[in-house]
Amino acid sequence: MVDTKVTREDALAFHMDPTPGKWEIQATVPMTTQRDLSLAYSPGVAVPCEAIAANPELAYDYTNKGNLVAVISNGTAVLGLGNLGALGSKPVMEGKAVLFKRFADVNSIDIELDTEDPDEFCNAVRLMGPTFGGINLEDIKAPECFIIEQRLKEEMDIPVFHDDQHGTAVICAAGLINALKISGKKIEDVKIVLNGAGAAGIACLELLKSMGAAHNNCIMCDTKGVIYQGRTEGMNQWKSAHAAATDTRTLAQAMNGCDVFLGVSAKGAVTQDMVQSMAPNAVIFAMANPDPEITPEEVHAVRDDVIVATGRSDYPNQVNNVLGFPYLFRGALDIHARAINDEMKIACANALAQLAREDVPDEVALAYGRKLTFGRDYIIPTPFDPRLIHVIPPAVARAGMDTGVARRPIVDIEGYEESLKTRMDPTASILRGINARARANQHTIVFAEGDDPRILRAAVLYQRSGFGVALVVGREDDVKAKLTAEGLGDAVSELTIVNAANTEHLDEYKDFLYNRLQRKGHDSSDIHRMATRDRHVFASLMLAHGHADGMVTGATRKSAHVLELINHVFDAGPHDGAVGVTAVLNKGKIVLIADTLVHEWPDENDLADIAERGAYVARRLGLEPRVAFLSFSTFGYPVSERAEKMHKAPDVLDARGVDFEYEGEMTVDVALNTKAQEAYPFSRLTGPANVLVVPARHSASISVKLMQEMAGATVIGPILAGIDKPIQICSTGSTVNDILNMAVLASSTAR
Ligand SMILES: NC(=O)C1=CN([C@@H]2O[C@H](COP(=O)(O)OP(=O)(O)OC[C@H]3O[C@@H](n4cnc5c(N)ncnc54)[C@H](OP(=O)(O)O)[C@@H]3O)[C@@H](O)[C@H]2O)C=CC1
Ligand SMILES: CC(=O)C(=O)O
Ligand SMILES: [Mg+2]
């Protein structure tokens, strides 16, 4: 099992911070001037209104309809939790909406309808049809969901898709295609038992039968047991269609000798005895959420030849509709589809199955912390696979065009595939990589400022998120009181509190410090005071002695002051090759800015050092470095004494023969904008720069803080590079999340 423990507190905090819920709305047009107002609203808005009234197709050009999907529920079958009502279902629906955005760049809003009456439900949805490019129905119980979906499909001219039925069926089919390939069985021959005759169950069995599963080989069960021909209790027309000619009456009897078990029912419905009675090389998809019918551990305890999948992300083989609905709708929206038909669903299932059989890119392996190769523990792509967005929607769109549901077919399908690649935020995969490396490293991080509640919360999160061990420097009674005040009293026993009074290494630390500082004006009582009372020095001493792998500090004091203290223990001055590198993430881009900490006014040799350190950090983050030396001039114009050192720095790197791309001097737009780069065809940069070496510390500070304040960029760092242990220096305004990010970055870059 992948170690991603989630506590009740984590789940509630995630839904409360930074603002209640999981999404908000942003404008895509400027709304600052009188002219903007006149265009966006009256009188300008009248023009597209009249155009659309005359030709409804134009709604796809002048409104957000074409990329907007409603996730609609009445909360009658929320995951496997039962009828929680419309409001109770809202967290799941908000979640589906953000999954649409995150995985396929589809804008989505959740709508919870407070009715269990299919007529009322259908009326409400039908009336809002003009707003959306598609309707994703979610967590509506059977059999009402069948009536609702069927009626809305007939009445609406946009795709209406009940995710729990068809999304689940598509992923289940994709997984089963591959599981049967591995177990060497054919879908036409296998005996299938499906538990749960609701929305998901009926749709799964229907799709599998349309793909070749034999009616006589399939048995469906519900809370009353086997659905056999002639049964009357708890029946409806959809169950009747799958009633089997069989003498078996219970799930246990049905599973005896079967090849495939599919569970879309409830937690714990399957026992180990049932598993033992299945045929050799059996397949079990226990898809109930949040808890499966049987856990992989329970299966593996009694059988080692079974291929197991669940609906959860913390086990291998996640058979969950998150792999389907974002991409099915992406493909459907991009052809302005009238519907999502069976051919589009089957195309999606086949494309997913095919993708799992292909070589997996390193970045996916990195994000999951393990090598993924087609086999028992990898029968279906993982949700964070970046290929999904450009592989699955084209397959769906093609099938839609071939079957006549496209209002606007795609002419250049290759161009379409390329455009899909640019939809996703590349910083997400970088952050995932950093997290995965940190988790794999399991490093110990010392948090120097254990008297600050933000630091304590970040330390608790670091440990609880499974990154490794967090040590906090502080007084035990103070840390306990502060954790308790933060509502984290239970974390007191989890965190290791370190200080001069409880370490056995104090003499060793003091000797080390005395040796370094005796000729720098510090006597032994200074040394004692520093080692015992200054938490920055104490934490640095722990790091220097290998009692931690990385350090986070700076949340309570100015970084220049903290750096001075660290310098008592480490050679982290400008002449020691130390450099501060800050990562700035915004709008899908990541750039490293250096030197943000150590060199006040670097000369060309220092600038070359800074470039080398920046390139090193870039590689540790999984980026291939492209370094730009920034100035207000580009390649010698305008001539200025101040720009001269930036002009010369590339020559220094030429002489050093480094193994990364660099160029300069140049203005920041030339460094970051490929269009602006076209004016300099001789430039050695093959793309936008990702390491920006700035002329001085003041320009570094100004650019980072400007990005943070004006653009809302995420800033991680500075990380102190060039010394052999990672030290992260936060800013005094850092949030808990910023501090956690810094700890994770320190951990991922530590050796
Ligand atoms: N992994 C995935 O992607 C997905 C998983 N699911 C999961 O599937 C489950 C069902 O969802 P959905 O189809 O939407 O819900 P529905 O309410 O439409 O259907 C539930 C069905 O399960 C049956 N059932 C419930 N408990 C048991 C049990 N202990 N033994 C046998 N049958 C039982 C019910 O039987 P009866 O008819 O007798 O009441 C009913 O037929 C949920 O756990 C859900 O989380 C759903 C969609 C996607
Ligand atoms: C995954 C999903 O949609 C469900 O469990 O209901
Ligand atoms: Mg669902």
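Residues numbered from 1 in each chain as written. Chains lettered and ligands numbered in written order. Predicted model: local features only at pLDDT ≥ 70, side-chain atom pairs only at ≥ 80, totals over all residues. Heavy atoms only, no water.

## Here's the deal with the site of ligand 2
For step 1, the next point in the chain: Around ligand 2 sit L79, K96, E138, D139, D164, N289, N320 and N321, and those are all the residues in its vicinity.
For step 2, the next point in the chain: Here D139 contributes a side-chain N or O atom positioned 3.1 Å from an oxygen atom of ligand 2.
For step 3, the next point in the chain: A distance of 2.8 Å is found between an oxygen atom of ligand 2 and a side-chain nitrogen or oxygen belonging to N289.
For step 4, the next point in the chain: Here ligand 2, which alone exposes 220 Å², has 86% of that area covered by the protein.
For step 5, the next point in the chain: Counted by class, the shell around ligand 2 contains one nonpolar, three polar and four charged residues.
For step 6, the next point in the chain: Taken domain by domain, the shell around ligand 2 gets at least three of its residues from each of domain 2 (64-158) and domain 3 (166-421). (Near = heavy atom within 4 Å. Polar contact = N/O pair within 3.5 Å; in protein donor to acceptor, adjacent residues only side chain to side chain. Areas by Shrake-Rupley, 256 points an atom, 1.4 Å probe, with all protein chains shown as cover. Nonpolar A, V, L, I, M, F, W, Y, C, P; charged D, E, K, R; others polar. Domains from an automatic or database assignment.)

## Here's the deal with a nonpolar patch on the surface
For step 1, the next point in the chain: Taken together, the side chains of V29, M31, L37 and Y41 make up a nonpolar region of the molecular surface, amounting to roughly 420 Å² of accessible area.
For step 2, the next point in the chain: Considering the arrangement of structural elements, one finds M31 in the loop between helix 1 (8-16) and helix 2 (34-40).
For step 3, the next point in the chain: We classify M31 as partly exposed; its relative accessible area is 46%. (Patch = residues over 30% accessible without salt bridge, like charges linked within 9 Å, V, L, I, M, F, W, Y side chains within 5 Å. Salt bridge = Lys/Arg side-chain N within 4 Å of Asp/Glu carboxyl O. Helix = DSSP H or I, 4+ residues; strand = E, 2+ residues; numbered from the N terminus. Buried < 20%, exposed > 50% of the residue type's maximum accessible area, 1.4 Å probe, protein only.)

## Some points on helix 6 (residues 90-104)
For step 1, the next point in the chain: Over its 15 residues, helix 6 extends 21 Å from the first C-alpha to the last, a length consistent with the 21 Å expected when each residue adds 1.5 Å.
For step 2, the next point in the chain: Restricting attention to buried positions, one finds in helix 6 the residues V92, M93, E94, G95, K96, A97, F100, F103 and A104.
For step 3, the next point in the chain: In this structure, the buried side of helix 6 is in contact with strand 1 (68-73), strand 2 (107-112), strand 3 (134-137), helix 9 (163-183), helix 15 (325-334) and helix 18 (388-402).
For step 4, the next point in the chain: A positive backbone phi angle near 55° is found at D105, which sits one or two residues after helix 6. (Expected span 1.5 Å × (residues − 1). Contact = heavy atoms within 4.5 Å.)

## Observations regarding the UniProt feature "domain: Malic enzyme N-terminal" (unreviewed entry) in the protein chain
For step 1, the next point in the chain: When the UniProt feature table is mapped onto this chain, "domain: Malic enzyme N-terminal" (unreviewed entry) is found at residues 20-153.
For step 2, the next point in the chain: Secondary structure across residues 20-153 divides into 44% helix and 12% strand, with the first and last C-alpha atoms of the span separated by 34 Å. (UniProt positions renumbered as here; feature names shortened; annotations may be inferred.)

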